[in-house]
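What follows is each chain in one-letter form.
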Amino acid sequence: MKSVNPWEEARMRLESAAKQMDLNALLHARLAEPDRVIEMSLPITMDDGRVKTFHGFRVQHNNILGPYKGGLRYHPRVDMDEAKALAFWMTMKCAIVDIPFGGGKGGISVNPKELSEAELERLTREFARKLAPVIGPDKDVPAPDVNTNAKIMDWIRDEYETVTHTTAPAVVTGKPVERGGSLGRTEATGAGGAIALQSILKTLGRDPKGMTVAIQGFGNVGSHLARFLQKMGCVIVALSDSKGGLYIPRGIADLDAIERCKEQSGRIAGCYCVGSVCDLSNMESLGGKDIQPEDVLTLPVDILVPAALENAITKENASKIQASIVLEMANGPTTSEADEILAEKGTIVIPDVLANSGGVAVSYFEWVQNRRDEPWTEETVFKALEEKMQLAASKVAEVAQARKCTLREAAYLVALEKLSISSR
Ligand code: NAD
């Protein structure tokens, strides 16, 4: 199978949206390439005394709307083209959810699970020192993404402040709450996805109660989304991680127990929980079965949620997808070829640039709280998130209806319209 280049995919989305509107040629050119790309060598001393060099990336795609904003990913697959695509999607996302940030993204090509905590901290601090000249509260504000978290953001803030001799909590978002983070940031992407889904279902006249859901990826985004969907009355029937998954057609009741089991065993497969006991002995009584990672995508469910990495839904598996709704919580989970197959089948795809924009919305709220030195209550954060997500979803749905196009095409039109107005 030919691997799909995410940056080429992102460029194709831009070209197809540009064709549908009278996109100004200068703006088109500005969006077709990132403003700046930075590649860093990151040598560190490992615990055994050897020196090992890792590679880091930061892409600053566009800052028409405000400082570059976007996550840092630690994963062996991280490279410049992936970072460019993710940064481009951030530019679109910030425009759709209407926050004054541009698009950025970066990361390190590394499997952090192979590093000790001390090695991870040394690598992160080296990365922060190399990033320091190009990031800052008014320049570029990183955040967590795959395999990065609040602790890593705090190391970056600390190193940045040391290098620049400043106090600058707003240099990163997704920090620990006691170190300037926002209440609700960890759950924000999942919460925002649930609100986007609810808003789109409303326009379709469908009730989330009783709808069955399969989720690929049970990390930060997938695990919080699962809880919000359960609260809305959806029935979570399948969960997976990179090693495998489980399928319980009558529904997975206790997500906390599954999370504890995954933490202890390092995998989700086998986590059949009855009371405090989570193991294979309960599989039969729950009517469940273990599944391969790829099987989660093609189960007979109402809603499929890719919440792991890019290119999960491809032309090879798109025709086998049975869900009538795909809620894209991962960035770039559907290739453009797969997108066409889904559109032909009438599958409704709630696109990544809308569905997962709750994370960057609350990152913006965190940045505002830091700038004003004014912590918000959780209630204030979720109320503001709900307003932003509902507004973004209804704008996208309106454009889709008016132009008789897909939600993805509509989302890009909303983003490009906003960028056009702001760049005049
Ligand atoms: P995470 O590292 O917390 O979790 C990723 C999960 O995906 C893990 O459970 C991992 O095991 C799983 N996974 C990896 N490969 C898989 C495979 N082939 N099949 C099934 N599962 C697989 O990362 P996250 O922060 O939850 O991010 C997930 C996605 O959401 C990414 O695409 C990220 O860019 C996107 N996203 C994250 C945020 C955020 O706030 N964290 C915001 C917007 C978008």
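Preceding this section is the structure that the text describes.
These notes cover the structure that comes with them. The model shown is predicted, which means the values in this text are computed figures rather than measured ones. (Residues numbered from 1 in each chain as written. Predicted model: local features only at pLDDT ≥ 70, side-chain atom pairs only at ≥ 80, totals over all residues. Heavy atoms only, no water.)

## Regarding the overall build of the protein
- From N to C terminus, the protein includes 14 helices and 14 strands.
- Relative to the globule expectation of 22 Å for 424 residues, the C-alpha radius of gyration of the protein, 21 Å, shows essentially globular dimensions.
- Here the protein, with 424 residues, has 58% of them falling under the buried criterion.
- In the protein, 67% of the contacts between residues at least 6 apart in sequence involve partners at least 24 apart.
- As presented, the protein carries roughly 17,600 Å² of accessible surface, and 50% of it is formed by carbon and sulfur atoms.
- Of note, the protein has its 50 positive side-chain charges centred 2 Å away from the centre of its 57 negative side-chain charges. (Helix = DSSP H or I, 4+ residues; strand = E, 2+ residues; numbered from the N terminus. Rg over C-alpha atoms; globule rule 2.2 N^0.38 Å. Buried < 20%, exposed > 50% of the residue type's maximum accessible area, 1.4 Å probe, protein only. Contact = heavy atoms within 4.5 Å. Areas by Shrake-Rupley, 256 points an atom, 1.4 Å probe, with all protein chains shown as cover. Lys, Arg positive; Asp, Glu negative; His and termini not counted. Charge placed at Lys NZ, Arg CZ, Asp CG, Glu CD.)

## Brief notes about the layout of surface pockets
- Size it by volume and the second largest pocket reaches roughly 700 Å³.
- Sorting the residues of the lining of the second largest pocket by element identifies α1 (6-19), α6 (185-204), α10 (336-345), β14 (348-350), α13 (378-403) and α14 (407-423) as the ones contributing at least two each.
- Of all the elements, α1 adds the most residues to the lining of the second largest pocket, at 6 residues.
- Looking at side-chain class alone, the lining of the second largest pocket contains 12 nonpolar, 9 polar and 8 charged residues. (1 Å grid on protein atoms, 1.4 Å probe; cavity = no way out; pocket = protein on both sides within 12 Å on 5 of 7 lines; lining within 4 Å. Points joined across faces, edges and corners; volume = space filled by probe spheres on them. Nonpolar A, V, L, I, M, F, W, Y, C, P; charged D, E, K, R; others polar.)

## Some remarks on the environment of Ser182
- Mapping Ser182 onto the fold places it in the loop between α5 (150-164) and α6.
- For the pair Ser182 and Ile236, spaced 54 residues apart in sequence, the C-alpha to C-alpha distance is 28 Å.
- If we ignore the near neighbours within four places in the chain, the residues touching Ser182 are Val177, Val362, Glu366, Gln369 and Val381.
- Side chain to side chain, Ser182 and Gln369 meet in a polar contact 3.0 Å long. (Polar contact = N/O pair within 3.5 Å; in protein donor to acceptor, adjacent residues only side chain to side chain.)

## Quick word on the side chain of Asp145
- Note that Asp145 resides in the loop between β5 (140-144) and α5.
- Not counting the four nearest positions on each side in its chain, Asp145 is found in contact with Gly71, Leu72, Arg73, Lys105 and Asn331.

## Thoughts on the site of the ligand
- Taken together, 21 residues sit near the ligand, with Arg73, Asp145, Thr189, Asn220 and Asn331 positioned nearest.
- Contact distances for the ligand include 3.3 Å between an oxygen atom and a backbone N or O atom of Gly219.
- Look at the ligand: alone it shows 830 Å² of surface, and the protein chains cover 84% of it.
- Taken together, the elements giving at least two residues each to the shell around the ligand come down to α6, α7 (220-231) and β7 (235-241).
- Along the lines of polarity and charge, the residues of the shell around the ligand split into 7 nonpolar, 10 polar and 4 charged. (Near = heavy atom within 4 Å.)

## Focus: the packing of aromatic side chains
- Here the structure, examined in full by the defined rule, presents 9 aromatic pairs.
- A centroid spacing of 6.5 Å and a plane angle of 55° characterise the contact between Tyr74 and Phe127, whose relative ring orientation is tilted. Residue Tyr74 is located in strand β3 (residues 68-74), and its partner Phe127 is located in helix α4 (residues 117-131); the two are separated by 53 residues in the primary sequence. There is no split in this pair, since Tyr74 and Phe127 are both buried. (Phe/Tyr/Trp six-rings, centres within 6.5 Å; stacked < 30°, edge-to-face > 60°.)

## Examining empty space enclosed by the protein
- All told, the structure shown has 1 cavity of 30 Å³ or more when counted by the stated rule.
- As a volume, the largest cavity reaches approximately 60 Å³.
- What lines the largest cavity is Pro6, Glu9, Arg13, Trp89, Glu310, Asn311, Gly332, Thr334, Thr335, Asp352 and Arg408.
- If one sorts the elements of the lining of the largest cavity by residue count, α1 sits on top with 3 residues.
- Of the residues that constitute the lining of the largest cavity, the class distribution is 2 nonpolar, 4 polar and 5 charged.

## Regarding the environment of Leu239
- For Leu239, the location among the structural elements is in strand β7.
- When its relative accessible area of 0% is taken as the criterion, Leu239 is described as buried.
- When the C-alpha positions of Leu239 and Thr166 are compared, they lie 44 Å apart, and in sequence the two are 73 residues distant.
- Those residues in contact with Leu239 that sit more than four places away from it in its chain are Ile215, Phe218, Gly244, Gly245, Leu246, Ile252, Leu255, Ile258 and Ile268.

## Here we look at the state of the cysteines
- Inspection of every chain in the model, using the stated rule, returns 2 disulfides.
- In this model, Cys261 is linked to Cys271 through a disulfide, with the two sulfur atoms separated by 2.1 Å. When the S-S torsion is -85°, as for the bridge of Cys261 with Cys271, the disulfide is left-handed. In this pair, Cys261 sits in helix α8 (residues 255-265) while Cys271 sits in the loop between α8 and β9 (273-274), placing the two residues 10 residues apart along the sequence. One exposure class covers both Cys261 and Cys271, and it is buried.
- Each disulfide pairs two cysteine sulfurs, and for Cys273 the partner residue is Cys278, the sulfurs being separated by 2.2 Å. Across the S-S bond linking Cys273 and Cys278, the dihedral sits near 115°, which makes this disulfide right-handed.
- Relative accessible area serves as the criterion here: at 16%, Cys273 is assigned to the buried category. (Disulfide = S-S within 2.5 Å.)

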